[in-house]
Amino acid sequence: MAPAKIRRILVYTHNSIGLGHAFRTLAVLTGIKRWRPEIDFLVLSGTSVPHVFHRAGIEVIKLPSVKMEISPEGQRLQPRYLNTFRLENLFDVRQRLICQTFDFFEPDVLMIEHNMTGQMNELIHLQLRKWMRRGGPLDFAMVYLCRGIMSRGPLLRIPYQNPRHRSEWVNIGQLFDFMYVLEERDFIDVNREFLGNDSELEDKIRYLGRITNKTAAELPPREQVLRRLRLADRGIILLSLGRHGRLPELAGRLMEALERTGIKDKYQILLALDPYLDRQAVETLRSHPLAGEVIFLPFEPDLGDLISVADLVICRAGYNTINEILLADTRALVIPEDHAGGEQELRAQRMPHENVTVASESEIITGRTEELILEILNRKVTPLDLDFDKYAIGRAILDDLEAWKAQEPTQAS
């Protein structure tokens, strides 16, 4: 008998805040794709950059976009582009597209990234199908991809009526066959810190380590990066500040600090513009009196390449950016975004600090930022010898999935 093979993987990543979810998902899928290039992947996402998947030969169903505005007071969802529609209209059509895609694709695997039940719980219909089909000929593996630090809150218990008309419930978390954490357990114990030390979930959780979209061996040489981005052969200070918080004020203060250090003859200053940054904020940045000393970069899908050759990165504490800094042993000034859940602050607090200094927005805007920048630039780089291997992660996931499929005697061929 031929070994069981996974043919189709349907992937959901909501991607309403920034680009990190799309690139992290892409790293996992290309990690699997190396071992089984014939697998059909289909991604469901509201991302504004679906072409990053197309570049890897992965098909995308683009859901109408919503965006999450983050502030210290909380979070708020709203349409990203279709502003004449109510939010509930968008989620009605998104849910129909999700269910129709599932029916068309008939996946062996449903892979859900970050949001366990989908944005606004739009995946619950599919998860209840998992509950109904579990162990039968139409069963499919349900996989959760977690970056490590989660949104706090209990797993959802969904009520249903059983055949004897008693009201009961199903725990969505317990429907997952595999829960993969893209982090080390000594950095974050997901079950203990977020999921209530659930013994049934513990058996499904596997810590695979951190992931980046490129391995260390795939990072291009400096000359190639400079040539592709048409940069001068000088030192590089890269600013990547996202789109939240006191961004214009923060960027303006950093431009002033870099000017006052007197290092502009030695370094070229690059500012990567978040593609989700609103036009007014972009105009504010471009109209700053010192903007003429800065090279503004539009959306750059391979920002990790630039991070690897930079002399200093001044950035937020997003999962992907931090891992790319650690992978390349790049010196960095990390300024966490002030999220209501404290995700970036927690990551910055727990990350290795040999080549990194962490400061708050307020400390940068009101503090002695010039001295801080010079201190980091003069710091000797400490090699961390890290290599985040997406191919090893992909192999581990694929082995689990095909072992799951092989042990299901009633699986459809």
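The structure we're discussing is the one just above.
These numbers were taken from a predicted model, which means no experiment stands behind them.

(A) Seen up close, helix 3 (residues 87-105). Its 19 residues place the ends of helix 3 27 Å apart at the C-alpha level, agreeing with the 27 Å of an ideal helix rising 1.5 Å per residue. Within the span of helix 3, buried status applies to Leu87, Leu90, Phe91, Arg94, Ile98, Cys99, Thr101, Phe102 and Phe105. For helix 3, the arc enclosing every buried residue in end-on projection is 160°, short of the 170-degree limit, so these residues lie on one face. Facing away from the buried side of helix 3, by more than 90 degrees, are the exposed residues Gln100 and Phe104. Looking one or two residues past helix 3, Glu106 carries a phi angle of roughly 45°, positive in sign.

(B) Highlighting the packing of helix 8 (residues 247-260) against helix 14 (residues 369-377). Contact pair helix 8 / helix 14: the axes reach a minimum separation of 9 Å and the direction vectors enclose 65°. The orientation of helix 8 relative to helix 14 falls into the category roughly perpendicular. Between helix 8 and helix 14 the crossing geometry is right-handed. Seen from helix 8, the contacting residues are Arg253, Leu254, Glu256, Ala257, Leu258 and Arg260; seen from helix 14, they are Thr369, Glu370 and Ile373. A per-class count over the contact of helix 8 with helix 14 returns 4 nonpolar, 1 polar and 4 charged.

(C) Broad picture of the sheet that holds strand 16 (residues 332-334). Overall, parallel pairing links the 6 strands, which are arranged 14-13-12-15-16-17 in an open sheet. The open sheet has two edge strands with one neighbour each: strand 14 (294-297) and strand 17 (356-358). When strand polarity is set aside, the average angle formed by the axes of neighbouring strands in this sheet is 20°. With 4 bridges connecting them, strand 13 (residues 267-272) and strand 14 associate as parallel partners. Considered in strand 14, the bridge of Leu270 is made with Ile295.

(D) Structural detail: the pairing of strand 2 (residues 40-45). With 5 of 6 residues buried, strand 2 is to be regarded as a mostly interior element. Bridge count for strand 1 (residues 8-13) against strand 2 is 6 bridges, and the pairing is parallel. Counted as the bridge partner of Thr13 is Ser45 from strand 2. The pairing of strand 2 with strand 3 (residues 59-62) spans 4 bridges and is parallel. Bridging from a neighbouring strand, Ser45 pairs with Lys62 of strand 3.

(E) Highlighting the side chain of Asp274. Structurally, the position occupied by Asp274 is in the loop between strand 13 and helix 9 (279-286). Sequence-distant contacts of Asp274, defined by excluding residues within four places in its chain, comprise Gly242 and Arg243.

(F) Focus on the environment of Thr212. Here Thr212 is to be found in the loop between strand 11 (205-207) and helix 7 (222-229). The spatial distance from the C-alpha of Thr212 to the C-alpha of Gly304 is 8.6 Å, given a sequence separation of 92 residues. Leave out the neighbours within four places in its chain, and Thr212 touches Ala27, Asn323, Glu324, Leu327, Phe388 and Lys390. Side-chain polar atoms of Thr212 contact the backbone oxygen of Lys214, separated by 2.7 Å.

(G) Main features of helix 11 (residues 319-328). Summarising burial for helix 11: 9 of the 10 residues are buried, a large majority. Taken residue by residue, helix 11 has Tyr319, Asn320, Thr321, Ile322, Asn323, Glu324, Ile325, Leu326 and Leu327 as its buried positions. Those residues of helix 11 that are buried lie in contact with helix 1 (20-33), helix 10 (303-309), strand 15 (312-315), strand 16, helix 12 (343-350) and strand 17. Immediately beyond the C-terminal end of helix 11, within one or two residues, lies Asp329, with a positive phi of roughly 55°.

(H) Just the packing of helix 3 against helix 4 (residues 124-133), in detail. The geometry of helix 3 relative to helix 4 is characterised by a closest axis approach of 10 Å and an angle of 40° between their N-to-C directions. Contact with helix 3, carried on its side by Gln95, Ile98, Cys99, Phe102 and Asp103, involves His125, Leu126, Arg129 and Arg133 of helix 4 and no other residues of that element. Per-class residue counts for the contact of helix 3 with helix 4 are 4 nonpolar, 2 polar and 3 charged.

(I) Seen up close, the packing of aromatic side chains. If you walk through the whole model with that rule in mind, you get 3 aromatic pairs. Geometrically, the ring pair formed by Phe102 and Phe140 is edge-to-face, given 5.0 Å between the ring centres and 65° between the ring planes. Note that Phe102 is positioned in helix 3 and Phe140 in the loop between helix 4 and strand 7 (141-146), a separation of 38 residues in sequence. Per residue, the accessibility class of Phe102 equals that of Phe140, and both read buried. Seen from their ring centres, Tyr144 and Phe176 are 5.7 Å apart, and the 55° between their planes marks the pair as tilted. One end of the pair, Tyr144, is in strand 7; the other, Phe176, is in the loop between strand 9 (167-171) and strand 10 (178-181), and 32 residues separate them in sequence. Phe176 matches Tyr144 in its accessibility class, with the two residues each being buried.

Each value, and the rule that gives it
Residues numbered from 1 in each chain as written. Predicted model: local features only at pLDDT ≥ 70, side-chain atom pairs only at ≥ 80, totals over all residues. Heavy atoms only, no water. Helix = DSSP H or I, 4+ residues; strand = E, 2+ residues; numbered from the N terminus. Expected span 1.5 Å × (residues − 1). Buried < 20%, exposed > 50% of the residue type's maximum accessible area, 1.4 Å probe, protein only. Arc of directions from axis to C-beta. Axes fitted to C-alpha atoms, helices over the stretch in contact; angles between N-to-C directions. Parallel < 35°, antiparallel > 145°, perpendicular 65-115°, else oblique. Left-handed = near helix turned anticlockwise from the far one by under 90°. Contact = heavy atoms within 4.5 Å. Nonpolar A, V, L, I, M, F, W, Y, C, P; charged D, E, K, R; others polar. Pairing = 2+ DSSP bridges. Polar contact = N/O pair within 3.5 Å; in protein donor to acceptor, adjacent residues only side chain to side chain. Phe/Tyr/Trp six-rings, centres within 6.5 Å; stacked < 30°, edge-to-face > 60°.

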